[in-house]
Amino acid sequence: MSMVAEVLRPMPVRNAKKCILLTVVILLLCSCTNADIRDDLQEYQQRVARVLEITLPDPAPPTALAYPDAQSMFTAVESFNVNLREFYRLQECELGTLVAQRNTALGKTAHPSQRYAYEVTLLKQLQQCSDSIEDPALKQKLRDWRQAKQSQRSVFWANLIQTSQETRAALGRSTTLLNTEADSDAGAAISALGFLNKIKSDQEFSLSELERELKVLDSSRLPAKVWRTQRYITGYLETMSESLATRLPELSCPAGKASEQVEILRNVFYLFFIEKIQPVGSKLNQYHYQMMPVWEQWINSDALSQPFKMYIQKQTQVEFARYQQAIRQHVTLWQTLFARCNLSPTAPGSN
């Protein structure tokens, strides 16, 4: 999505009083630095309202991200029973040790990441043990077990993606929003999502790798941060645009020239929307499109639950489209005003 890259330059200042007024306004606006996007949106709204001498309604607080309950997404997997006679014969290969570990109290309460890594290792060990066992009957049983376990792998992967503590936090909870500062964790978080997607069929990973990538996601919580920022921007711009749609057309531009009020509004728009809000929106777009290949695969995955897929689809398609529309509508309102007043598309103070 393209946003306005530049805004419109006011006409030359016509008198000293006007010049002083514009200078004071710009200095006041420039004094606001390093604010949270929530503060910038609120300040932008208040400045516009002050110049127009009206009251702009506050947007409704954005609703929390309603990540589905873990129980609604969890799928129980049928266990396999191995009798003692068969178990002792498995001691001839490493599979016996692996099965014994799974039957401990710790193994039965393993986290989703540990369970998934175990299942992938089990598949490899079933193959290796089948290749080394000479008894035809036991060899066939191992092959049957492997085939059955292979069919269950996607279920264990889905449980990992949907119900692990780290992914629930990354996809559903974030106390911070995006800002204009460099986000050193973003690239690692996007890579971690790709890793989780890849291991659905990849056997070449370790539990330590998996837990490291989950920790990255839990630390950054990038998806939830993007989606909450999206909601804040959408709410403010939709509410402002609804009021401005009737107020801006009423502003006077005598003989097609901007009034003092319009020029001040143009400076407010540039110094807040273009300088503070748009860069955050651009970063939001960047992260959205970088993560989208994973979201598309998950939305179309047969392994993942319907509540989970509907949640991802809502954030990445429905609400993102609403956010884009809010940006377009808001920018169009200002562009229409500036065009009517013959303001040129350059930053305040440009020659």
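Presented here is a report on the structure given in the accompanying data block. Remember, it's a predicted structure, so these values are computed and weren't measured experimentally.

Time to look at the packing of helix α2 (residues 37–52) against helix α13 (residues 260–299). Following both chains from N to C, one finds α2 and α13 inclined at 170 degrees, their axes separated by 10 Å at the closest point. Regarding the angle of α2 to α13, the classification is roughly antiparallel. Contacts from Ile37, Asp40, Leu41, Glu43, Tyr44, Arg47, Val48, Val51 and Leu52 in α2 reach Gln261, Ile264, Leu265, Val268, Phe269, Phe272, Phe273, Lys276, Ile277 and Val280 in α13. Classifying every residue of the contact of α2 with α13 by side-chain character gives 14 nonpolar, one polar and four charged.

Enumeration over the complete set of coordinates arrives at 16 aromatic pairs. Both rings, one in Tyr289 and one in Phe320, keep their centres 5.7 Å apart while their planes meet at 90 degrees; by these two values the pair is edge-to-face. Taken together, the positions of Tyr289 in helix α13 and Phe320 in helix α14 (residues 306–340) put the pair 31 residues apart, joining distant regions of the chain. For Tyr289, a relative accessible area of 42% puts it in the partly exposed group. One aromatic cluster is present, formed by Tyr67, Trp157, Trp227, Trp295, Trp298, Phe308 and Tyr311 through successive ring pairs. Sitting over the ring of Tyr232, Arg38 keeps its end group 5.5 Å from the ring centre.

Before going further, it helps to spend a moment on the pattern of salt bridges. Using the criterion set out here, one finds 10 salt bridges in the structure. Glu119 serves as the salt-bridge partner of Arg115, at 3.1 Å between the closest nitrogen and oxygen. Highlighted residues: Arg115 and Glu119, both in helix α7 (residues 112–132), separated by four residues, approximately one helical turn. In this structure, Arg231 and Glu319 form a salt bridge, with 2.8 Å as the shortest nitrogen-oxygen distance. With a gap of 88 residues between them, Arg231 in helix α12 (residues 222–247) and Glu319 in helix α14 connect regions that are remote in the sequence. Arg231 sits in the buried class, given a relative accessible area of 11%. Glu319 gets classed as buried once you look at its relative accessible area, which sits at 13%.

Let us now look at the nonpolar core. Formed by 84 residues in total, the largest nonpolar core has its most connected members in Tyr44, Val48, Trp295, Trp298 and Trp334. Considering every element that reaches this core, the biggest residue donor is α13, with 20 residues. Ignoring anything within four residues of it in the chain, the contact list for Trp334 reads Tyr44, Val48, Leu244, Leu248, Leu265 and Phe269. Ranked by size, the runner-up nonpolar core spans 12 residues in total, among them Val99, Leu122, Leu126 and Trp145.

Moving on to α14. Here α14 contains 35 residues, and its C-alpha end-to-end distance of 49 Å stays within 8% of the 51 Å for a straight helix at 1.5 Å per residue. Along its length, α14 reaches its greatest deviation from straightness, about 40 degrees, at Lys314.

Excluding glycine, most residues fall at negative phi; most peptide bonds, likewise, are trans. Despite not being glycine, Glu53 has its phi angle at roughly 60 degrees, a positive value. As for its position among the elements, Glu53 is in the loop between α2 and α3 (70–73). Backbone geometry at Asn342 places phi at a positive 55 degrees, although glycine is not the residue there. As for its position among the elements, Asn342 is in the segment after α14.

Quick notes on the rules
- Residues numbered from 1 in each chain as written.
- Predicted model: local features only at pLDDT ≥ 70, side-chain atom pairs only at ≥ 80, totals over all residues.
- Heavy atoms only, no water.
- Axes fitted to C-alpha atoms, helices over the stretch in contact; angles between N-to-C directions.
- Helix = DSSP H or I, 4+ residues; strand = E, 2+ residues; numbered from the N terminus.
- Parallel < 35°, antiparallel > 145°, perpendicular 65-115°, else oblique.
- Contact = heavy atoms within 4.5 Å.
- Nonpolar A, V, L, I, M, F, W, Y, C, P; charged D, E, K, R; others polar.
- Phe/Tyr/Trp six-rings, centres within 6.5 Å; stacked < 30°, edge-to-face > 60°.
- Buried < 20%, exposed > 50% of the residue type's maximum accessible area, 1.4 Å probe, protein only.
- Lys NZ or Arg CZ within 6 Å of the ring centre and 35° of its normal.
- Salt bridge = Lys/Arg side-chain N within 4 Å of Asp/Glu carboxyl O.
- Core = buried A, V, L, I, M, F, W, Y, C linked by side-chain atoms within 4.5 Å.
- Expected span 1.5 Å × (residues − 1).
- Bend = angle between axes of the 7 residues up to and from the residue.

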